[in-house]
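Geometric and topological summary
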Amino acid sequence: KSVIFNDAGEILVVKEKGRDWWDIPGGGIDHGESVKDAITRELREEVLLEGGFTYRSILAEDPRYLPNHNLYQMRLTFLVKPESLDFSPGDDGDEVMFIDPVKFKESELITERKIYEYSESAKAIFN
């Protein structure tokens with residue numbers, strides 16, 4: 001997952017194809033793929049990332065064993081600072097925009113409430 005803020009403090013969110021809720025961009029790290037390569041790929045697929053970026057870890061959470069795949073999984077979240085804040089939907093995205101994260105604080109959907117939580121974690125760690 002990638003937390004990206006604009007200068008107004010809004011967070012980048014995406015509605016992926018076939019979904020009707022907002023989330024921050026992100027996805028899995030493929031076997032043998034570096035973290036930076038995974039962030040680059042996911043941001044290109046969902047929000048058409050152009051140019052470079054820097055990133056820092058925010059959270060590692062929800063570790064669990066998946067017996068059907070015989071592996072452990074955990075959610076990694078990063079604060080990403082791209083060179084350009086010009087985004088549009090990629091192949092996996094339907095809508096992309098910057099929104100004040102407070103708007104997600106009371107959402108009925110846990111995925112959208114997590115947007116607010118991720119933004120607060122990023123602010124607490126890096127401000």
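Residues numbered from 1 in each chain as written. Predicted model: local features only at pLDDT ≥ 70, side-chain atom pairs only at ≥ 80, totals over all residues. Heavy atoms only, no water.

Turning to the overall build of the protein, a few remarks are in order. The secondary structure content of the protein amounts to 2 helices and 5 strands. Starting at the N terminus and walking to the C terminus, you meet the elements of the protein as β-β-α-β-β-β-α. At 14 Å, the protein has a C-alpha radius of gyration in line with the 14 Å of a compact globule built from 127 residues. If one aligns the C-alpha atoms of the protein with their principal axes, the spans along those axes are about 45 × 35 × 35 Å. Put simply, of all contacts in the protein between residues at least 6 apart along the chain, 60% involve residues at least 24 apart. Put simply, the protein shows about 7600 Å² of open surface, and 46% of that area lies on carbon and sulfur atoms. Mean positive and mean negative side-chain charge positions of the protein (16 and 26 charges, respectively) differ by 4 Å. (Helix = DSSP H or I, 4+ residues; strand = E, 2+ residues; numbered from the N terminus. Rg over C-alpha atoms; globule rule 2.2 N^0.38 Å. Contact = heavy atoms within 4.5 Å. Areas by Shrake-Rupley, 256 points an atom, 1.4 Å probe, with all protein chains shown as cover. Lys, Arg positive; Asp, Glu negative; His and termini not counted. Charge placed at Lys NZ, Arg CZ, Asp CG, Glu CD.)

Its identity as a non-glycine residue notwithstanding, Leu48 has a phi of 50°, on the positive side. Relative to the elements of secondary structure, Leu48 occurs in the loop between helix H1 (35-47) and strand S3 (53-66). Residue Leu48 is classed as partly exposed on the basis of its relative accessible area, which comes to 33%. (Buried < 20%, exposed > 50% of the residue type's maximum accessible area, 1.4 Å probe, protein only.)

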